[in-house]
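Tertiary structure, described
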Amino acid sequence: KLVSESWRTLPPEERAIWDKKAEDDRKRYQDEINACDNPSMNSKKDPDAPKRPMSAFLSYSNQKRAALKRDSPHLNNGEISKILSKAWKEESEEERQKYIDEARELRKQHKIAVKERNMQIRRLEKEKLKRQRKEEEAEIKRAEQARLGETENEGSDQQSSRSAKGKGKGKGKNNKRS
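This text gives an overview of the structure that appears in the document. Every value quoted in this text rests on a predicted model; they were computed, and no experiment measured them.

With that settled, the discussion passes to the overall build of the protein chain. Looking only at helices and strands, one finds six helices and zero strands in the protein chain. Reading the secondary structure of the protein chain in the N-to-C direction produces α-α-α-α-α-α. Every one of the 178 residues in the protein chain was classed for burial, and the buried ones make up 8%. The long-range fraction of contacts in the protein chain, counting pairs at least 24 apart against all pairs at least 6 apart in sequence, stands at 52%.

In structure tokens form, the structure reads like this:
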């Protein structure tokens, strides 16, 4: 309360100093966030990435939920989830193992899909780099040709000015004064 009271009674000149410091700190923080290399902070999730595999319990729930909802339409989703959780815990080991094996297979498939996606991303990045290099080389070649074109033009301008000077009556080997 004391700090709050002293802030309210602070003169506007002093308050402006603290407001400026707060604004500077906000800018510094935003710059740090923008410069951060943490991909989770700067990038969106890849929409083409493979979805995570379902767990054994989720597989079980998805299979049993529709029947439970049909038999008990008055139950909301939270109550249905509680019933499914209790049923999962009470399910026989053989029945649970079936879903555990299914989940294991889904994880294997997901792992393969992620590897394929990563290989595809690397291949696309390599192709992009090749295109960039070709564009850079083409730009360098165009710049070189433009530079050579300018020097040729300068050279021909200098030759034409020299030959124009030689045509007049100047002091040269062929132009002797008598």
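Listed in full, the five residues of the largest apolar core are Ala56, Tyr60, Trp88, Tyr99 and Ala103. Looking at this core, the elements with two or more residues in it are α4 (56-71) and α6 (93-167). Discounting chain neighbours no more than four positions away, the residues touching tyrosine 99 are Ala56, Ser59, Tyr60, Gln63, Lys64 and Trp88.

Together, Arg122, Lys126, Lys130, Arg133 and Lys134 give the surface a local cluster of positive charge. As for its position among the elements, lysine 130 is in helix α6.

Orientation of α4 relative to helix α5 (residues 77-90), taken along the N-to-C sense of each, is 120°, at an axis distance of 10 Å. As judged from the angle between their axes, α4 and α5 are oblique. Between α4 and α5 lies a crossing whose hand is right-handed. Residues Ala56, Phe57, Tyr60, Ser61, Lys64, Arg65, Leu68 and Lys69 of α4 form the contact with α5, whose own contacting residues are Asn77, Ile80, Ser81, Ile83, Leu84, Ser85, Ala87 and Trp88.

Together, Trp7, Ile17 and Trp18 make up a nonpolar patch on the protein surface, roughly 320 Å² of accessible area in all. With respect to the element layout, isoleucine 17 can be found in helix α2 (residues 12-35).

Right, let's talk about the packing of aromatic side chains for a bit. A complete count under the given rule lists four aromatic pairs for this structure. Their ring planes at 70° and their centres at 6.1 Å tell us that phenylalanine 57 and tryptophan 88 sit as a pair that is edge-to-face. With phenylalanine 57 in helix α4 and tryptophan 88 in helix α5, this residue pair connects regions lying 31 residues apart in the sequence. Ring pairing ties together the aromatic residues Phe57, Tyr60, Trp88 and Tyr99, which thus form one cluster. The residue whose ring lies beneath lysine 21 is tryptophan 18, and the NZ or CZ to ring-centre distance is 4.5 Å.

Among the secondary structure elements, serine 59 is positioned in helix α4. According to the relative accessible area criterion, serine 59 is buried, its value standing at 6%. In contact with serine 59, not counting residues within four places along its chain, are Met54, Tyr99 and Glu102.

This next bit is on the pattern of salt bridges. In total, this model carries nine salt bridges according to the counting rule given. The salt bridge involving arginine 28 is made with aspartate 25; its shortest N-O contact spans 2.6 Å. Linking arginine 28 with aspartate 25, this pair stays in helix α2, spanning three residues, or about one helical turn. Its relative accessible area of 39% is what places arginine 28 among the partly exposed residues. The network of salt bridges with common partners includes Asp25, Arg28 and Glu32.

The rules we used
Numbering of residues starts from 1 in every chain and runs along the sequence as written. Confidence filtering applies because this is a predicted model: local features only for residues at pLDDT of at least 70, side-chain atom pairs given and counted only at 80 or more, and all residues used for totals across whole chains, interfaces and linings. Only hydrogens and water are set aside; all other atoms, that is, all heavy atoms of the structure, feed into the side-chain values. Strands are runs of DSSP state E lasting at least 2 residues, helices are runs of H or I lasting at least 4, and numbering of each runs from the N terminus. Buried residues are those whose accessible area, probed at 1.4 Å on protein chains only, stays under 20% of the maximum for their type, while exposed residues exceed 50% and partly exposed ones sit between those limits. Contacts between residues were defined by any pair of non-hydrogen atoms, one from each residue, lying within 4.5 Å. Nine residue types can take part in a nonpolar core, namely buried Ala, Val, Leu, Ile, Met, Phe, Trp, Tyr and Cys, and a core is a set of them joined through side-chain atoms within 4.5 Å. Residues enter patches when their relative accessible area tops 30% and they take part in no salt bridge; the joining distance is 9 Å for like charges and 5 Å for the nonpolar side chains Val, Leu, Ile, Met, Phe, Trp and Tyr. Using the Shrake-Rupley algorithm and a 1.4 Å probe, accessible areas are obtained, with residue cover drawn only from the displayed protein chains. Here, a salt bridge means any Lys or Arg side-chain nitrogen found within 4 Å of an Asp or Glu carboxyl oxygen. His is not counted here, nor are the chain ends, while Lys and Arg score as positive and Asp and Glu score as negative. The atoms used to mark charge sites are NZ of Lys, CZ of Arg, CG of Asp and CD of Glu. Convention adopted: a line fitted to C-alpha atoms gives each axis, helices being fitted over their contacting stretch, and angles between N-to-C directions are expressed from 0 to 180 degrees. Oblique is the label for any angle not under 35 degrees, not over 145, and not in the 65 to 115 range, which are roughly parallel, roughly antiparallel and roughly perpendicular in turn. The crossing is said to be left-handed when, going from far helix to near helix, the turn is anticlockwise and less than a right angle, and right-handed when the turn is clockwise. Stacked, edge-to-face and tilted are the three classes for Phe, Tyr and Trp ring pairs, Trp counted by its six-membered ring, which pair at centre distances within 6.5 Å; planes under 30 degrees apart are stacked, over 60 edge-to-face, the rest tilted. Distance and angle both matter: a charge sits over a ring if NZ of Lys or CZ of Arg is within 6 Å of the ring centre and within 35 degrees of the ring normal.

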